[in-house]
Structures are given as C-alpha cells and as structure tokens.
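# Coordinate inspection notes
Next come the chains, spelled out residue by residue.
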Amino acid sequence: AGLTPEQRRSWLYQKMMKGYLGCVAGIDDNVGRVLDWLDRNHLTEDTIVIYASDQGFILGEHGWFDKRWMIEESLRLPLLIRYPRLIKPGSAEPAMVLNTDFAPTLLDLAGVAVPADMQGRSLRPVLAGQVPADWRHSIYYRYYATEFAMPPHYGVRTERYKLIHYQGSVIADDGSDVGNSKNITRQIDEWELLDLQVNPKETTNFYHDPKYQAVAADLHRELDRLTKEVGDTPGKSGINQQGRLGPMTTGPETPPPGK
C-alpha cells in the first residue's frame with residue numbers, strides 16, 4: 001500500500017523474478033537428489049534422465065518478462081540429457097532440436113516404433129554425436145493466443161536469421177496506474193527480420209533494408225515450406241509469382257492437428 005506506480009511496477013517485477021528463480025533453484029536441488037539416488041542404487045547406466053522445458057523465459061531482457069516471444073531468451077529451451085550407454089559425458093551438439101523431437105526420441109530409445117503421423121525426429125543419432133546429413137537447418141515457431149498483451153505471431157529461425165510475422169489483435173494499456181489500467185486493443189501486421197550474427201541482441205529489424213531483400217525472399221520460401229510440412233495454415237508468406245515480397249494474408253487461427 002502507498003506505493004507510486006513506478007514503485008509498484010518494480011515491486012511486482014521483483015516478486016515475480018525472485019519467485020521464478022527460487023523455483024528454478026528448487027528444481028536444480030531436486031534433480032540432484034534424483035541423480036544421487038540413481039548413482040547409489042546402481043541404475044545410472046540404464047536410466048535416461050532428461051532436463052528440459054516447454055520454453056525459455058525472458059527475465060527483463062529487451063525490457064520484457066515473458067515466455068511467448070520468438071526472441072532467443074524465450075525461443076531457446078534447456079535440454080540436458082544423461083544416458084551413459086549412448087551419450088559421451090560433457091558432450092554438446094549444436095544441431096537444431098525441437099520439443100516435438102522428445103516423444104520420438106523416448107520411443108526410439110525404449111525400442112518402440114514411432115508412429116508415422118508423429119511430428120519430430122528421434123535424437124538418437126544426434127545424442128551419439130552422429131548428426132544425419134539431412135538434419136534440419138531451420139525451425140518453425142507459432143504462437144496462437146491473443147491475450148497477454150501480445151499479438152499472435154509465427155516465423156522461421158535458421159542458424160543465422162529469423163523471419164517473424166506479427167498479425168492480429170494486441171491488448172495494451174493506456175499508461176495509467178499499474179493494476180488499474182484501461183486496456184486498449186489495436187491491430188498489428190508487421191514483419192521482422194533478425195540477423196543473429198550481425199545483431200545478436202535482436203534490436204534491429206532488417207526487413208526493409210535493401211541489403212537483406214534476397215535473404216528475406218529465401219526466408220519467406222523456407223517459411224512456406226515449413227508451414228506445409230507441419231500442416232499449419234497461416235497463409236501465404238508474402239512471395240508473389242515474381243518472387244518479390246508482397247502483402248500477407250493469414251488463414252484461421254486454428255492449431256493444426258497434433259499441436
């Protein structure tokens with residue numbers, strides 16, 4: 001009580017971040033307990049332990065805290081796996097992995113056939129340090145919801161670039177007192193092209209930069225390919241018959257089967 005809007009915003013942020021980081025520390029401690037128990041009971045060699053998440057989290061970077069944006073802090077997720085019979089301790093593999101790979105991997109390692117209609121690929125060869133020649137070099141991202149003060153968006157990330165399309169309704173406040181704000185709704189239709197090599201902090205949009213038009217065209221084509229591969233329906237990605245960038249029209253905001 002009695003805090004100014006600025007003080008209240010700071011208090012809310014500190015409360016959330018300390019709770020979040022305390023939760024992470026608690027998970028860390030208890031994963032250690034599980035690993036110690038496996039060691040004591042001589043089950044380490046035959047137990048697959050996976051430490052992962054559904055997404056990363058923004059802890060104030062870019063002036064935000066959230067988990068839905070397609071920026072690196074939230075797009076990247078933790079993935080640590082221990083299975084001594086297959087994985088060399090301390091090894092790391094930079095291959096692009098999706099959370100849709102988790103289920104096929106577990107089925108494969110358990111000796112169970114992976115259903116043909118299941119998205120993702122088994123990570124068995126990647127874990128063994130033998131990345132297949134046809135392994136992916138790009139990933140597809142899609143966020144559907146319209147709440148949480150952010151627009152629906154989707155895009156493609158390659159090893160160097162990202163192409164993101166934000167389109168739909170976004171709810172924002174009018175800048176009044178936190179906790180007593182008047183929400184306003186506006187429509188968003190914006191493209192963003194990020195170069196992770198030139199601008200790893202993701203602060204510059206190169207989409208309208210003439211030097212990036214060929215890159216943008218390639219990314220649009222890759223985005224079209226991935227939407228078809230996963231059976232999504234965001235619409236044409238902006239490449240017209242002449243191969244030039246054009247307007248975007250999205251389809252219904254309905255998750256595809258199995259997503």
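All residue numbers refer to position in the chain's written sequence, counted from 1. Under the rules for a predicted model, residues below a pLDDT of 70 receive no local features and side-chain atom pairs below 80 are neither given nor counted, while totals for whole chains, interfaces and linings still include all residues. Note that water and hydrogens are dropped before the side-chain values are worked out from all heavy atoms of the structure.

## Things to note about the overall build of the protein
Across its full length, the protein carries 5 helices and 8 strands. Taken from the N to the C terminus, the helices and strands of the protein come in the order α-β-β-β-α-β-α-α-β-β-β-β-α. Burial classes follow relative accessibility: with a 1.4 Å probe on protein chains only, a residue under 20% of its type's maximum area counts as buried, one over 50% as exposed, and anything between as partly exposed. Within the protein, the fraction of its 259 residues that count as buried is 33%. Any pair of residues with heavy atoms lying within 4.5 Å of one another is described as a contacting pair. Across the protein, every contact between residues at least 6 apart in sequence was considered, and the portion connecting residues at least 24 apart equals 50%. Secondary structure elements follow DSSP: runs of H or I no shorter than four residues count as helices, runs of E no shorter than two count as strands, and numbering proceeds from the N terminus.

## Some remarks on a nonpolar patch on the surface
Patch building starts from residues that exceed 30% relative accessible area and form no salt bridge, then joins like charges within 9 Å and nonpolar side chains (Val, Leu, Ile, Met, Phe, Trp, Tyr) within 5 Å. Method for areas: the Shrake-Rupley scheme with a 1.4 Å probe, in which residue coverage is limited to the protein chains shown. Just to be clear on terms, a salt bridge is a Lys or Arg side-chain nitrogen sitting within 4 Å of an Asp or Glu carboxyl oxygen. Taken together, the side chains of L3, W11 and L12 make up a nonpolar region of the molecular surface, amounting to roughly 280 Å² of accessible area. Summarising the element assignment, L3 is placed in the segment before α1 (5-40).

## Here we look at the pattern of salt bridges
Using the criterion set out here, one finds 15 salt bridges in the structure. The closest approach of N and O atoms between E72 and R157, which form a salt bridge, is 2.9 Å. You can see E72 sitting in helix α2 (residues 72-75) and its partner R157 sitting in strand β6 (residues 153-158), a full 85 residues away along the chain. For E72, a relative accessible area of 15% translates into the label buried. Given the relative accessible area of 11%, R157 is considered buried. The salt bridge partner of R121 is D134, with a shortest N-O separation of 3.2 Å. With R121 in the loop between α3 (102-109) and α4 (124-127) and D134 in the loop between α4 and β5 (138-143), the pair connects residues that are 13 residues apart, well separated along the chain. For R121, a relative accessible area of 30% puts it in the partly exposed group. A single network of salt bridges, built from pairs that share partners, joins E72, R76, R157, K162 and E202.

## Some remarks on the pairing of β6
Across a regular strand the side chains alternate sides, sitting on one face of the sheet and then on the other. Among the 6 residues in β6, 6 count as buried, and that is most of the element. Neither face of β6 is exposed, since H153, G155 and R157 on one face and Y154, V156 and T158 on the opposite face are all buried.

## Things to note about α3
Buried residues of α3: F102, P104, T105 and L109, and no others. Projected down its long axis, α3 carries its buried residues within an arc of 165°, all on one side. Next to the buried residues of α3 lie β1 (49-52), β4 (79-82) and α4. Of the residues one or two after α3, G111 is the one with positive phi, at around 80°. When we speak of the arc, we mean the arc of directions from the helix axis to the C-beta atoms.

## A look at the environment of L75
Position of L75 relative to the elements: it lies in helix α2. Taking the relative accessible area as the measure of exposure, L75 reaches 15% and is therefore buried. For the pair L75 and F57, spaced 18 residues apart in sequence, the C-alpha to C-alpha distance is 8.1 Å.

## Observations regarding α1
Counted at 1.5 Å a residue, the expected span for α1 with its 36 residues is 52 Å, and the 53 Å between its end C-alpha atoms agrees. Where α1 terminates, the next one or two residues include H42, which has phi positive at roughly 55°. In this scheme, a helix's expected span is set at 1.5 Å multiplied by one less than its residue total.

## Re unusual backbone geometry
Of note, H42 is a non-glycine position whose phi angle comes to about 55°, a positive value. Position of H42 relative to the elements: it lies in the loop between α1 and β1. You will see that E202, though not glycine, has its phi angle at about 60°, which is positive. Mapped onto the elements, E202 comes out in the loop between β8 (183-195) and α5 (213-230).

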